[in-house]
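Structure at a glance
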Amino acid sequence: MRRSYFSENWFQATEQFMQRASQFGDLRWCVADGHDFDIPYVLIGNGPNKVVINSGIHGIEGYFGSAAQNMFLDKIAGTLSPDLLRRYTFVLVHVINGWGMQNRMREVVDKKRGGLVDLNRNFGVDFSRPNALPQNPKYALAHDLLLSPPDAVKKKQAIKDFRQKHLHDGAWDAISYGQYTHPYGLFYGGAAPMTENKMTMHIYDDVMRDGESLTSIGLHTGLGRFDRKRGRVSRQLLVSHPAKHKNTEYFSDLLVATTVVPDERAKNGPVLLGDLVDCLEARYATPEIPVYTADFEIGTGEFPIMSPIYKRMDMGDARYDLLNCGQINSETWNNLTESWYPSDMRWRNGALDGAWILFTELIHSLKQKQK
Ligand SMILES: [Zn+2]
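Note on numbering: residues in each chain are counted from 1, in written sequence order. Since the coordinates come from a predicted model, pLDDT governs what is reported: local features require at least 70, and pairs of side-chain atoms require 80 or more to be given and counted, while whole-chain, interface and lining totals use all residues. Calculated side-chain values reflect all of the structure's heavy atoms, with hydrogen atoms and water omitted.

What follows covers the nonpolar core. Judged by nonpolar contacts, the single largest core of 53 residues is most densely connected at Phe64, Phe72, Phe90, Leu237, Phe251 and Phe359. Under the DSSP-based scheme used, a helix requires at least four consecutive residues in state H or I and a strand at least two consecutive residues in state E, with every element numbered from the N terminus. Broken down by element, the residue count for this core peaks at 9 residues, all from helix H13 (residues 345-368). Contacts of Phe72, omitting those with residues within four sequence positions, involve Ile44, Ala77, Leu80, Phe90, Leu92, Phe359 and Ile363. Each nonpolar core is a collection of buried residues, namely Ala, Val, Leu, Ile, Met, Phe, Trp, Tyr and Cys, held together in the definition by side-chain atoms within 4.5 Å. Working definition: with a 1.4 Å probe on protein chains only, accessible area under 20% of the residue-type maximum means buried, over 50% means exposed, and in between means partly exposed. The contact criterion used is simple: two residues touch if any of their non-hydrogen atoms lie within 4.5 Å.

The buried fraction of strand E2 (residues 39-44) amounts to 6 of the 6 residues, a majority that puts the element mostly inside the structure. Here E2 shows two buried faces, one formed by Ile39, Tyr41 and Leu43 and the other by Pro40, Val42 and Ile44. Should DSSP find at least two bridges between two strands, the strands are taken to pair. Relative to E2, strand E1 (residues 26-30) runs antiparallel, the two sharing 5 bridges. Across the sheet, Cys30 pairs through a bridge with Ile39, a residue of E2. Relative to strand E4 (residues 88-93), E2 runs antiparallel, the two being bridged by 4 bridges. By the bridge assignment, Ile44 is partnered in E4 with Phe90.

Time to look at the sheet that holds strand E12 (residues 291-298). Pairing within the open sheet is mixed, and its 8 strands lie in the order E1-E2-E4-E3-E7-E12-E10-E11. This sheet does not close on itself; its edge strands, each paired only once, are E1 and strand E11 (259-261). Here the strands of the sheet are splayed against their neighbours by 20 degrees on average, with no regard to which way each runs. The pairing of strand E3 (residues 49-55) with E4 spans 6 bridges and is parallel. In the strand pairing of E4, Val51 is matched with Phe90. Along the sheet, helix H2 (residues 64-76) contacts E2, E3, E4, strand E7 (213-221) and E12; its crossing angle with E7, the most-contacted strand, is approximately 130 degrees. Lines fitted to C-alpha atoms define the axes here, with helix axes fitted over just the stretch in contact, and angles between the N-to-C directions of these axes take values from 0 to 180 degrees. Along the sheet face, helix H9 (residues 246-254) touches E7, strand E10 (235-238), E11 and E12 and points at about 60 degrees away from the line of E12.

What follows covers the pattern of salt bridges. A side chain of one charge can pair with a side chain of the opposite charge when the charged atoms of the two come close. Basic side-chain nitrogens of Lys or Arg form a salt bridge, by our definition, when they fall within 4 Å of a carboxyl oxygen of Asp or Glu. Inspection of the entire model under this criterion finds 20 salt bridges. The partner of Lys75 in a salt bridge is Asp74, and the shortest N-O contact between them spans 3.8 Å. Asp74 sits in the partly exposed class, given a relative accessible area of 37%. The partner of Asp206 in a salt bridge is Arg209, and the shortest N-O contact between them spans 2.3 Å. Residue classification places Asp206 among the buried residues on the basis of a relative accessible area of 13%. Of the residues examined, Arg209 reaches a relative accessible area of 66% and is grouped as exposed. One salt-bridge network, in which partners are shared between bridges, spans Asp26, Arg28, Asp206 and Arg209.

Here we come to the domain arrangement of the chain. How big an interface is tends to be stated in terms of accessible area lost as the parts join. Note: domain ranges come from an automatic or database domain assignment. According to the domain assignment, the chain contains domain 1 (2-131 + 192-300 + 342-368) and domain 2 (137-176 + 304-340). Here the C-alpha centroids of domain 1 and domain 2 sit 26 Å apart. Across the boundary between the two partners, domain 1 contributes 17 residues, which contact 14 residues of domain 2. Considering only the surface of domain 1 that becomes buried against domain 2, Ile60, Arg104 and Met105 emerge as the three largest contributors, covering 33% of it. Seen at the junction of domain 1 and domain 2, the total is 2 salt bridges. With a closest N to O distance of 2.8 Å, Arg319 and Glu107 form a salt bridge. Under this definition, polar contacts are N or O atom pairs within 3.5 Å; protein pairs additionally need one hydrogen-donor-capable and one acceptor-capable atom, and for neighbouring residues in sequence, both atoms have to be side-chain atoms. Across the contact surface, domain 1 and domain 2 share 8 residue pairs in polar contact (both at pLDDT 80 or more). Buried area is calculated as the accessible area (1.4 Å probe) missing from two parts once they are joined, with the contributions of both summed.

Turning next to helix H5 (residues 139-146). Buried within H5 are the following residues: Tyr139, Ala142, His143 and Leu146. Viewed along the axis of H5, the buried residues span an arc of 125 degrees, placing them on a single side of the element. Opposite the buried face of H5, by more than 90 degrees, sit the exposed residues Leu141 and Asp144. Buried residues belonging to H5 abut helix H6 (154-166), helix H7 (171-174) and helix H11 (306-325). The arc in question is the one traced by the directions running from the helix axis out to the C-beta atoms.

Here is the structure:
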C-alpha cells in the first residue's frame, strides 16, 4: 500500500502532491521564467505559527521527501483540529530541486556560468563580491583525488587513506562543508543565487508574511545507517547547533521518539556554508519571532565508515564521467542512486515509518503546547 506514495518521476510526484494538497489546503505554485520545474506548496490552516516541511533540495535523494509529504496529506492533514489550525499553519514545500530529481543528481547545472551547484550550499551567500566569498581552503586537498578516474579498488583505497590521514586535521570534514572555488568539485555552492534558491526564499517570504514563529524541517536521505539484513533505517533530526542551544532544546522537547542530533562544532557559528537552515534563522529570527530549523535524515549507508567514502567516490566518479565522457556511466549512476536512495522496499517502508513517527509526534507535541 505504502509504496504508492513513492513516485517514479517528478511529474508523477507533483501530480500526486497537487491532487491531495488541493483537498486539504491552499495550494500555491512558485514559478520562474525559463524554469521547467515549478515548485508547488500547500498551506494548511491559518495560524501565525508556521511549521514548514520542505523536500527535494537534493535530487539524488529521490522521492522519499515527496512520499513522506504525500503520506502527510493522505493520513494526517484531514485529522488536524480547527483549534490547532487556528494556532498553526502547516506548509509542505514539494521538491525544490525538480531538475536534480529528474536527472538523479544532487545538484543543478548552472547553465550560464558552468558548474554543478549544490542548492544547500547556495542559500544566503553574498555573491556580490567574489573576493569575499566564504573560504574553505582544505577542500582543495581532496579535489583531484575525488575527481580522478573511477576505479573501484584503487580509488576507494586512496579515499580511505585520505580519510585516515585527514580525519583529525579537518580536511576530510571540509569536503562536505561547501566550497566556491571548484565549479565541478563536490558540494560546490555556486557563483550566484540559483533560481531554485530564489524560489525557495520567495515561498518562505510568502509564508512568513504574517508569521510569529517558524519551525522548518527539511527532509533528506544519505546520512546514517540502513541495516539491510534487518531492514532497519536510522532516522535523526540534525539541528546544526550545540546541545545547549535554544534550537536544540526546542526540538528535543518536541520530539521523544526521534533522535535529535546536536552539532558541537557549531559553537561559533554555522558549520555548513550556504545551507538553508542557517539562512532561515538569519532572515526571519528576531527577539519576537523565534525560528527553529532542522534537517531530518533517513540513513542509507550499510557500513558506518565506508558509507561516506563510497558516497564521495560516487559523486566524484559522476563528475569524472560528465567532464570526460559527457555523460554519467550507467554503473556510476546506479552506485550513486543506490547510495542515496536505495531501491530496497524495506528501506522505503522504513523511511516512511520514520517520517510517520516524526510527523505524528510533532503534531501531538504542538497540540499540547499552550501558546
Ligand atoms: Zn540532502
